[in-house]
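Okay, here's what each chain looks like letter by letter:
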Amino acid sequence: MEKKSIAAIREELNNTPPEQLQAQIDLYRGDGRKGVQSIVASQEKRLQKYEAERIRIENLCQFEKKYEEYTYICGIDEVGRGPLAGPVVAGAVILPKDCRILYINDSKKLSAKKREELSREIQEKALAVGIGLSTQERIDEINILQATYEAMRKAIAALPVRPSLLLNDAVTIPEVDIPQVGIVKGDARSISIGAASIVAKVYRDAMMEEYDRMYPGYGFASNKGYGSAEHIEALHRMGPCPIHRRSFLKSILQER
């Protein structure tokens, strides 16, 4: 029987899902061709990375396991506390107890493409997803911390399922009658908080890209409202636009 070409074997293994890869690697391990052995070695590294990621994600479920007696564990996180413009946005996510979505992490550690892929997967697999925001006007009116809490409460209220427990990224949300656990650096230590971080970030980034079309010149599509050099220069040149947080601009505008 004629052997498969090296190119065909490469394509076959590249298209094999990681969970089925070990059997395919074993199938070609005895093929003495150097090209095939190179492919096998490469796929073994791919499998090692996959297994390491599975272990990392299992460790990311430590708090969900610790509080497993709660039926609906909800991760809460926010994005956009530091920008000069735009809203602060909070995400709330309840995942099934057996849910293991690979590559979930603190949203800041992921590329924009990966965040968007994961956000879609999270929304497909989650039991519930809620988004809440507080506008720049509210931030100026009640301050960023209170506006952040307000956005979190709105995200919880937007859930179609009432959470049994909240896992929050480092904070305790006032005026909420649901048990809460604040976890320092929670978006990198809890799969639920990491998922909330990702959906909130993707949502807010899309808003800022739309604002870039409405208010060109500030670079909102790239800086997402943060104080980049381009953004500061535009503020000095054009002044603030309707989505700027006036309470964040006092020192910057005084420099003009």
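What counts and how
- Residues numbered from 1 in each chain as written.
- Predicted model: local features only at pLDDT ≥ 70, side-chain atom pairs only at ≥ 80, totals over all residues.
- Heavy atoms only, no water.
- Pairing = 2+ DSSP bridges.
- Helix = DSSP H or I, 4+ residues; strand = E, 2+ residues; numbered from the N terminus.
- Axes fitted to C-alpha atoms, helices over the stretch in contact; angles between N-to-C directions.
- Buried < 20%, exposed > 50% of the residue type's maximum accessible area, 1.4 Å probe, protein only.
- Arc of directions from axis to C-beta.
- Contact = heavy atoms within 4.5 Å.
- UniProt positions renumbered as here; feature names shortened; annotations may be inferred.

**Some points on the sheet that holds strand 4 (residues 165-169)**
Strand pairing within a sheet occurs via backbone hydrogen bonds; the two strands may be parallel or antiparallel.
Alright, step 1. The strand order across the open sheet formed by 5 strands is 3-2-1-4-5, and the pairing between neighbours is mixed. In this open sheet, the two strands that pair with only one neighbour each are strand 3 (128-134) and strand 5 (180-183). The average angle at which neighbouring strand axes cross in this sheet is 20°, direction not considered.
Alright, step 2. Both strand 1 (residues 73-79) and strand 2 (residues 88-94) contribute to a ladder of 6 bridges, which runs antiparallel. Bridging across to strand 2, Val79 finds its partner in Val89.

**Thoughts on helix 1 (residues 6-14)**
Alright, step 1. Where helix 1 is concerned, the buried positions are Ile9, Glu12 and Leu13. Looking down the long axis of helix 1, one finds its buried residues gathered within 90° of arc, a one-sided arrangement. Exposed and facing more than 90 degrees away from the buried side of helix 1 are Ala7 and Glu11.
Alright, step 2. Here the buried face of helix 1 lies against helix 2 (21-28) and helix 3 (34-59).

**Describing the UniProt feature "binding site: a divalent metal cation" (unreviewed entry) in the protein chain**
Alright, step 1. In the numbering used here, UniProt assigns the feature "binding site: a divalent metal cation" (unreviewed entry) to Asp77, Glu78 and Asp169. Maximum C-alpha separation among the annotated residues is 8.2 Å over a sequence range of 93 residues, consistent with a single clustered spot.
Alright, step 2. Residue position: Asp77 is located in strand 1.
Alright, step 3. Ignoring anything within four residues of it in the chain, the contact list for Asp77 reads Val89, Ala90, Gly91, Met152, Asp169, Asp187, Ile193, Ala196, Ser197 and Ala200.
Alright, step 4. Residue placement: Glu78 occurs in strand 1.
Alright, step 5. With a relative accessible area of 16%, Glu78 lands in the buried category.
Alright, step 6. Each residue touching Glu78, except ones within four places of it in the same chain, is listed here: Val88, Val89, Ala90, Thr148 and Met152.

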